[in-house]
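Spelled out from the first residue to the last, the chains are:
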Amino acid sequence: MGSAAPRSASTLLLLLLLHQFEQPRGAELTFELPDNAKQCFHEEVEQGVKFSLDYQVITGGHYDVDCYVEDPQGNIIYRETKKQYDSFTHRAEVKGVYQFCFSNEFSTFSHKTVYFDFQVGDEPPILPDMGNRVTALTQMESACVTIHEALKTVIDSQTHYRLREAQDRARAEDLNSRVSYWSVGETIVLFVVSFGQVLLLKSFFTEKRPMSRAVHS
C-alpha cells in the first residue's frame, strides 16, 4: 500500500511533464496534384521564427514534382525541380504570409499524389529552464526527456513507413492493372489465333466440286 501511492504520483508527474509544453504549429496533408496543374499553400510566419517543409511524392509518373517557397516580398527562397522528396528549413527574415507551391505543369498525362509536412516554430524545451540549468537532471526528468525523444522517433518512423506503404501499394495496384490488361490481351489473341487455325484446317478438308458446264447441241 505504501509503495503504490508514490508510484502513482511519479506516473502522474511524468505525464504532466510530457504534456505541459506546446507543440509547434504546423500542417500535414496528402493531396492530389493533376497533370499540368499547380497547388499553392499559405502560412503566416512571424519574423525570426523558424519553419520547415518536408515533402514526398507518393504516386504518379516518375514520382517527381517541382516545388518552390516564396516569402512575403515575392522572393524565391527555395526552388527545386523534379524532386521525389526533399526538406527545407528557413528562419523568417520578414513577417508575413509565406507561400509554398507544388507544380506538375511539366507532366502532360500523369497526376501525382503529394505528401507534405509544414511546421512553424521551434519546439520549446520539455522542462522549464532546461537550457539554463546548472544542476543535473533528476531521475524523473531524465526519464521524461528519454521518453519524449523516443516518442518523436516513433512518430517519424510511423510517418516514414506509412508513406512507404502507400507508395508500395500504389505500385502494386498499377502493376496488377497492367498484368490484368496484358492477360486480357493475350486471351483475345489466343481466341483469334485458335479461330484462324480452325478455319485454316477446315479449308484443307473441304471438298471442292468441279464446275460442269452443260453443252447443248
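Our subject is the structure listed above.
Owing to the predicted nature of the structure, the values given are computational and were not obtained by experimental measurement.

Engineer: Would you mind showing me how to read the state of the cysteines here?
Structural biologist: A covalent bond between the sulfur atoms of two cysteines is referred to as a disulfide. This structure, assessed with the given rule, holds one disulfide. In this model, Cys-40 is linked to Cys-101 through a disulfide, with the two sulfur atoms separated by 2.0 Å. Disulfide Cys-40-Cys-101: torsion about the S-S bond near 110 degrees, hence right-handed. With Cys-40 in strand S2 (residues 38-45) and Cys-101 in strand S7 (residues 96-103), this residue pair connects regions lying 61 residues apart in the sequence. Take Cys-40: its relative accessible area is 23%, and that puts it in the partly exposed class. For Cys-101, a relative accessible area of 0% puts it in the buried group.

Engineer: Got a minute to help me understand the sheet that holds S2 in this structure?
Structural biologist: Hydrogen bonding along the main chain pairs the strands of a sheet, whether they run parallel or antiparallel. Spatially, four strands are ordered S2-S7-S4-S5 in an open sheet, and the strand pairing comes out antiparallel. What marks the edges here is a single partner per strand, and that holds for S2 and strand S5 (76-83). In this sheet, neighbouring strand axes are inclined to one another by 10 degrees on average, regardless of whether the strands run parallel or antiparallel. The pairing of S2 with S7 spans eight bridges and is classified as antiparallel. For Phe-41, the partnering residue across the bridge sits in S7 and is Phe-100.

Engineer: Mind showing me how you'd approach the pairing of strand S3 (residues 50-59) here?
Structural biologist: Each regular strand shows side chains that alternate between the opposite faces of the sheet. Most of S3 is tucked away, with eight of its ten residues classed as buried. Inspection of the sheet shows S3 paired to strand S6 (residues 85-91) by seven bridges, in the antiparallel sense. Paired with Lys-50 across the bridge in S6 is Arg-91. Taken together, the eight bridges between S3 and strand S8 (residues 112-120) define a ladder with antiparallel strand orientation. Across the sheet, residue Gln-56 finds its bridge partner in S8, namely Tyr-115.

Engineer: What exactly am I supposed to notice about the nonpolar core here?
Structural biologist: Generally speaking, soluble globular proteins have nonpolar side chains that are buried together. Judged by nonpolar contacts, the single largest core of 23 residues is most densely connected at Phe-51, Leu-53, Tyr-55, Phe-100, Phe-102 and Phe-116. When contributions to this core are tallied by element, the ones reaching two or more residues are strand S1 (25-33), S2, S3, strand S4 (65-70), S7 and S8. Once you skip the residues sitting within four places of it in the chain, Leu-53 turns out to touch Cys-67, Val-69, Asp-86, Ser-87, Phe-88, Phe-100, Phe-102, Phe-116, Asp-117 and Phe-118.

Engineer: Would you mind going over the pattern of salt bridges with me for this structure?
Structural biologist: When the charged atoms of two side chains with opposite charge come close together, those side chains can pair. Enumeration according to the criterion identifies five salt bridges in this entry. The salt bridge partner of Lys-95 is Glu-46, with a shortest N-O separation of 3.7 Å. Highlighted residues: Lys-95 in the loop between S6 and S7 and Glu-46 in the loop between S2 and S3, separated in sequence by 49 residues. Judged by relative accessible area, Glu-46 falls into the partly exposed class, the value being 39%.

Conventions we followed
Residues numbered from 1 in each chain as written. Predicted model: local features only at pLDDT ≥ 70, side-chain atom pairs only at ≥ 80, totals over all residues. Heavy atoms only, no water. Disulfide = S-S within 2.5 Å. Helix = DSSP H or I, 4+ residues; strand = E, 2+ residues; numbered from the N terminus. Buried < 20%, exposed > 50% of the residue type's maximum accessible area, 1.4 Å probe, protein only. Pairing = 2+ DSSP bridges. Axes fitted to C-alpha atoms, helices over the stretch in contact; angles between N-to-C directions. Core = buried A, V, L, I, M, F, W, Y, C linked by side-chain atoms within 4.5 Å. Contact = heavy atoms within 4.5 Å. Salt bridge = Lys/Arg side-chain N within 4 Å of Asp/Glu carboxyl O.

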